Amino acid sequence: MPAALDDFLWTYQSLIASLGVNGLLALSMYVVLAIGQLSLGQAAFMGVGAYASALLSLHTGLPFPLELAAAMLIPAAFALAIGAPTLRLSGVYLALATIGLGELLRIFLIQSDFTGGALGLSGIPAKAGFTLIYGCLAAATLALMLITRSRIGRAMEAIREDETAAAVSGVDLPRYKMTALVVSAMLAGLAGALNAHASSFIGPNDYGFDAAVTILSYALLGGVGSPFGSLAGALVLTLLPEILRPLQDFRLVVNGAIIVVAVLYMPHGLIPWRPLRIGARP
Amino acid sequence: MNLFRPILRTLFAAAFVTSAGFSHAADPLTIGAIEILSGPNAKYGVAIKQGFDLGVEEINAAGGVRGAPLAIAYEDSAGSKEQAINAARQLIGRAKVPLLLGPTLSTEMFAVGPIANQRQTPIIGTSTTAIGVTDIGPFVFRTSLPEADVIPGTLRAARDKLGVKKVAVLYGRDDAFTKSAYDVMKTALADLGFEVLTTETFGAKDTDFSAQLTKIASLHPDAIVISALADAGAGILLAKQALGLPQNVRAIGGNGMNSPKVLEIAGPAADGLLVGSPWFVGKSDPLNVKFIEAYRAKYGSDPDQFAAQAYDTIKIAARALNEARDLSGDAIRDALLKTKFEGVMGAFAFTPDRSPAVVSGVLVLEVAGGKFAILK
């Protein structure tokens, strides 16, 4: 590899890694929004995955793929526990419960000495390279794309547009909602584990309410018509602060202004188009 | 035309002077600095930047380093680890700086240190006091006295000079800085033979400390050892007074309480507070007096300990850059380890573990009449 390219990759290593991780988070948000539910627990699911995998890495010699599996299954269990009561209700209850989950997690992480308390965990081995992160992202995108194009995708869109009509048409609402929440928790947990093993340092305040809102804004800015919308949102919101770095003091102002303009003039997101469905006439 | 001629002449002269200036000055030697220049913790980063800038000005007036003027490329971390990492990678990978200063917080150093270390670029923290900072790797230095040096000194003074034996401890549990200072306090209290009556905690955003202090008051300690940032610390002092704890029950603070802001908020309630500090604005040695005069002339305000530490650090860095056999990481690292320096904080050298070697500079300060003064 030429030295210049090597330097370039090294300089932007953490940015490139966080692009992939944030892409996965955006997809995890997309899965929930695609059925018209609002979860503010993506950051908490990510935190559970990150801490679970980091603790496994630091204290056991498990193979990395097994740790990743744990980082997906443990948040999934949390999602089942939270979804069971709240998904029966309509309205904002899932959002409220997931905010609560995030706060509980933060307080637990701060109090517990096992998780390093307020100091967090450091010295996590750097096991997540570009190949793994982008492999996971590509696999998740492909899977979601196929699902969106399929019968399931159509059912999901029906739920999003009109729950009652979807239920009358024979869509099994509880099953779809629960599956979406669990899948979304697994994706967020995977993202958390990859992030922990790419940045080597995690702390309890990385997974608070701010992070949850940032993840939500990826999907909202990009659009929830297709998985690519959320990916585009994550790409823009991750790159923008770095591209604007030369503006120094005006960076955050310009960053905010661009987002406001995008939301005002592109209410359906950066990528509003919906994917063609299998069997649909163009 | 007559009217324009003087203007033209001035412009011409100005152009000549600037071009002459450019052609004579060598390319500056640029080092990198990552500090918090925006957001809630910007007060620390800005003080540090002002200390650096004043130091650079004096270094360049004295001929710069290695025959070139010294310059600092600043990157803002806004207090976020991700941004600090990106900034460090930019400075090392693209700008190819030989030396990094900062970052502001210990948590940021834990994220940035391994990166600098991987590229063998020396990095000097001027305000990173937590345990384990220099354990990150052989290229991670700090010029700030670690809490592990400052806090035991304060506690020893309280024991020997004020006869404090029984203490209650109160610390912020959800902040990396206050938690790390508490860990040091716990060890030091045990080592120095204090009797700890109780250990209470609070959250960074709490404003009501009466429950903890009521319990502490019922145990009749000689002093309350507090690990808190300035805002919460001042709140605790106010609550202590409001609950009627006697004035002779001392408050003993960590580094976070060593701030003019505590005095500002707590007012008379701060009287009797003890803190340890690596530096004090009222120190009367000539170097310090000169520094404070220059700082006041440039910025119109008094420096704080962060500015003083930064001012010394840039001078130490400049000396090491001058002494190094070349600008490779190894050479600068070796030169830093050999540097002996007399600055506003007193005599300075690095230990082989890259922390400050001389801890005699720790001053124990007492608040009396709304002002910090050296404890007699």
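Heads up: the structure comes first, above all this text.
Residues numbered from 1 in each chain as written. Chains lettered and ligands numbered in written order. Predicted model: local features only at pLDDT ≥ 70, side-chain atom pairs only at ≥ 80, totals over all residues.

## As for the sheet that holds strand β8 (residues 223-227) of chain B
All names here are of chain B. Under the convention used in this document: Any two strands with at least two DSSP-identified bridges between them are counted as paired. Only DSSP runs of H or I reaching four residues or more are called helices, and only runs of E reaching two or more are called strands; each is numbered from the N terminus. Under this scheme, a helix contributes an axis fitted over its contacting stretch, all axes are lines through C-alpha atoms, and angles between N-to-C directions fall in the 0 to 180 degree range.
Taken in spatial order, the seven strands of this open sheet run β7-β6-β8-β9-β10-β13-β14, and their pairing is mixed. Here the strands that pair on one side only, and so sit at the sheet edges, are β7 (195-202) and β14 (371-374). Neighbour-to-neighbour, the strand axes of this sheet turn through a mean angle of 30°, independent of strand direction. The pairing of strand β6 (residues 166-172) with β7 spans seven bridges and is classified as parallel.

## Examining the nonpolar core
Cut-off, in case you're wondering: Working definition: the nonpolar core is a set of buried Ala, Val, Leu, Ile, Met, Phe, Trp, Tyr and Cys residues, joined through C-beta atoms within 7 Å. Partly exposed residues are those falling between the two cut-offs: more than 12 but fewer than 20 other C-beta atoms within 10 Å of their own, whereas 20 or more means buried and 12 or fewer means exposed, with C-beta atoms placed from the backbone. Any two residues are considered in contact once their C-beta atoms, placed from the backbone, lie within 7 Å.
Grouped together as the largest cluster of nonpolar side chains are 196 residues, with contacts concentrated most on Leu25 and Leu190 of chain A together with Ala88 of chain B. Ranked by residue count, the leading element in this core is helix α9 (residues 173-199) of chain A, at 15 residues. Excluding residues that lie within four positions of it along the chain, Leu190 of chain A makes contacts with Leu24, Gly49, Leu68, Ala71, Met72 and Cys136 of chain A.

## Quick look at the environment of Ala111 of chain B
Considering the arrangement of structural elements, one finds Ala111 of chain B in helix α4 (residues 106-118). It is 6.6 Å that separates the C-alpha atoms of Ala111 of chain B and Ile85 of chain B, two residues lying 26 residues apart in sequence. Those residues in contact with Ala111 of chain B that lie beyond four places of it in its chain are Ser199 and Phe201 of chain A together with Lys81, Ala84 and Ile85 of chain B.

## Some remarks on the interface of chain B and chain A
Definition in use: Any residue that is not Ala, Val, Leu, Ile, Met, Phe, Trp, Tyr, Cys, Pro, Asp, Glu, Lys or Arg is counted as polar, Gly included; the first ten are nonpolar and the last four charged.
With 19 residues of chain B at the contact, the number on the chain A side is 19 residues. Broken down by secondary-structure element, the contributors of at least two residues to the side of chain B that touches chain A are α3 (81-94), α4 and α6 (176-191) of chain B. Ranked by the residues each element gives to the side of chain B that touches chain A, the list is headed by α3 of chain B, at eight residues. Tallied by class, the residues present in the side of chain B that touches chain A amount to five nonpolar, six polar and eight charged.

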